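Now for the letters of each chain:
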Amino acid sequence: GRCDRKEWRKSLEAAKAAAITFAGKWADQSFVSNPISVAAAYLEGDYLEDAQEVLAEFLAKNHAPPGNPAVPAEHKRNMQLGEVHFQLAEIALLNRNPAEARSRYQQSLTYHPRQIPALNKLAWLLATSSDPSVRDGKEALKHASFMMQAPGIADNPSLLGTLAAAYAAAGRFTEATNTTTRIIAILEANGLTGQTSTHRARLKKFQNREALSL
């Protein structure tokens, strides 16, 4: 449930001080910076409008086109702005606005093209949205395929699930079926048989040449 607004405001000064360095070429962890931490504190209290306001105010003051990632200061700014747009996309989804979410994920990727969370969320949205103005199987598969080039994730069932959904949305049901069969095998090999039911249901749909629509 929602917490008292005064209590959340008391915690914001601590949240503002939170920051971590951004490491690696692929962003498997979210970049944390002051506006992100403050927005996260609001989101934990279920104050979507407050979180959105913090992020929007930051963009109004700091918006800039993507910089040269070879320049440390510009690279850091890219990461920060990319994460702000990512969080705005997450808020848009919570507000049931998939068109806005799609736009924000795309903007996030212009700042950091190899951000796995944004690639995954965007590909899934494009592959499964019931909104025809948002759904785009070809684009979903482009992002999902690029995402799967990241090192160390070839056997990640969740990311493979997005790839399978993208294959199906693009009409490539053989690949969707094969990918889902692989996911089930990975889960079973790791003793995670309880997680296979969702993928078995998807497998039947793909075998019937049906894409996902959520």
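Now for a look at the structure at hand. (Residues numbered from 1 in each chain as written. Predicted model: local features only at pLDDT ≥ 70, side-chain atom pairs only at ≥ 80, totals over all residues. Heavy atoms only, no water.)

1. Description of the overall build of the chain
Moving on, step 1. The helix and strand inventory of the chain stands at 10 helices and 0 strands.
Moving on, step 2. Element order for the chain, N to C, with α for helix and β for strand: α-α-α-α-α-α-α-α-α-α.
Moving on, step 3. Per-residue burial over the chain gives 44% buried out of 214 residues.
Moving on, step 4. In the chain, once contacts between residues fewer than 6 apart in sequence are set aside, the share between residues at least 24 apart is 57%.
Moving on, step 5. On the chain, roughly 11,300 Å² of surface is accessible, and the fraction owed to carbon and sulfur atoms is 51%. (Helix = DSSP H or I, 4+ residues; strand = E, 2+ residues; numbered from the N terminus. Buried < 20%, exposed > 50% of the residue type's maximum accessible area, 1.4 Å probe, protein only. Contact = heavy atoms within 4.5 Å. Areas by Shrake-Rupley, 256 points an atom, 1.4 Å probe, with all protein chains shown as cover.)

2. Describing the environment of Arg-172
Moving on, step 1. Looking at the secondary structure, you find Arg-172 in the loop between helix H8 (157–169) and helix H9 (173–189).
Moving on, step 2. We classify Arg-172 as partly exposed; its relative accessible area is 36%.
Moving on, step 3. Non-local contacts of Arg-172, meaning those with residues more than four positions away in its chain, are made with Leu-141 and Tyr-167.
Moving on, step 4. Within the structure, Arg-172 has its side chain in polar contact with the side chain of Glu-175 (distance 3.1 Å). (Polar contact = N/O pair within 3.5 Å; in protein donor to acceptor, adjacent residues only side chain to side chain.)

3. Examining the side chain of Arg-102
Moving on, step 1. Among the structural elements, Arg-102 can be located in helix H5 (residues 98–111).
Moving on, step 2. Residue classification places Arg-102 among the buried residues on the basis of a relative accessible area of 17%.

4. Some words on the environment of Leu-119
Moving on, step 1. Looking at the secondary structure, you find Leu-119 in helix H6 (residues 116–128).
Moving on, step 2. Classification of Leu-119 by relative accessible area gives buried; the value is 1%.
Moving on, step 3. The spatial distance from the C-alpha of Leu-119 to the C-alpha of Met-148 is 9.6 Å, given a sequence separation of 29 residues.

5. Description of the packing of helix H4 (residues 72–94) against H6
Moving on, step 1. Where H4 meets H6, the closest approach of the two axes is 11 Å, and the angle between their N-to-C directions is 35°. Of the two elements, H4 crosses H6, and the hand of that crossing is left-handed. On the side of H4, the interface is formed by Phe-86, Glu-90 and Leu-93, while H6 contributes Pro-117, Ala-118, Lys-121 and Leu-125. (Axes fitted to C-alpha atoms, helices over the stretch in contact; angles between N-to-C directions. Left-handed = near helix turned anticlockwise from the far one by under 90°.)

6. Digging into the nonpolar core
Moving on, step 1. Counting 37 residues, the largest nonpolar core has Tyr-105, Met-147, Met-148, Ile-153 and Leu-163 as the members making the most contacts within it.
Moving on, step 2. Where this core is concerned, the elements lending two or more residues are H4, H5, H6, helix H7 (137–147), H8 and H9.
Moving on, step 3. Not counting residues up to four positions away in its chain, the partners in contact with Met-148 are Ile-153, Ala-154, Leu-159, Leu-160 and Leu-163.
Moving on, step 4. Within the second largest apolar cluster, 15 residues are counted, among which are Ile-36, Leu-55, Val-84 and Leu-88. (Core = buried A, V, L, I, M, F, W, Y, C linked by side-chain atoms within 4.5 Å.)

7. Focus: H9
Moving on, step 1. Between the first and last C-alpha of H9 there are 24 Å, a value that for 17 residues agrees with the 24 Å anticipated at 1.5 Å per step.
Moving on, step 2. Those residues of H9 that sit buried are Phe-173, Ala-176, Thr-177, Thr-179, Thr-180, Ile-183, Ile-184, Ile-186 and Leu-187.
Moving on, step 3. Against H8 and helix H10 (196–207) lie the buried residues of H9.
Moving on, step 4. Looking at the residues trailing H9, positive phi occurs at Gly-191, about 70°. (Expected span 1.5 Å × (residues − 1).)

8. With respect to the pattern of salt bridges
Moving on, step 1. Taken as a whole, this structure holds 8 salt bridges when the rule is applied.
Moving on, step 2. With a shortest N-O distance of 4.0 Å, Arg-102 and Asp-136 are connected by a salt bridge. Of the two residues, Arg-102 sits in helix H5 while Asp-136 sits in the loop between H6 and H7, which places them 34 residues apart along the sequence.
Moving on, step 3. Take Asp-136: its relative accessible area is 27%, and that puts it in the partly exposed class.
Moving on, step 4. Across the pair Glu-188 and Arg-200 runs a salt bridge, and its minimum N-O distance is 2.4 Å. One end of the pair, Glu-188, is in helix H9; the other, Arg-200, is in helix H10, with 12 residues separating them in the sequence. (Salt bridge = Lys/Arg side-chain N within 4 Å of Asp/Glu carboxyl O.)

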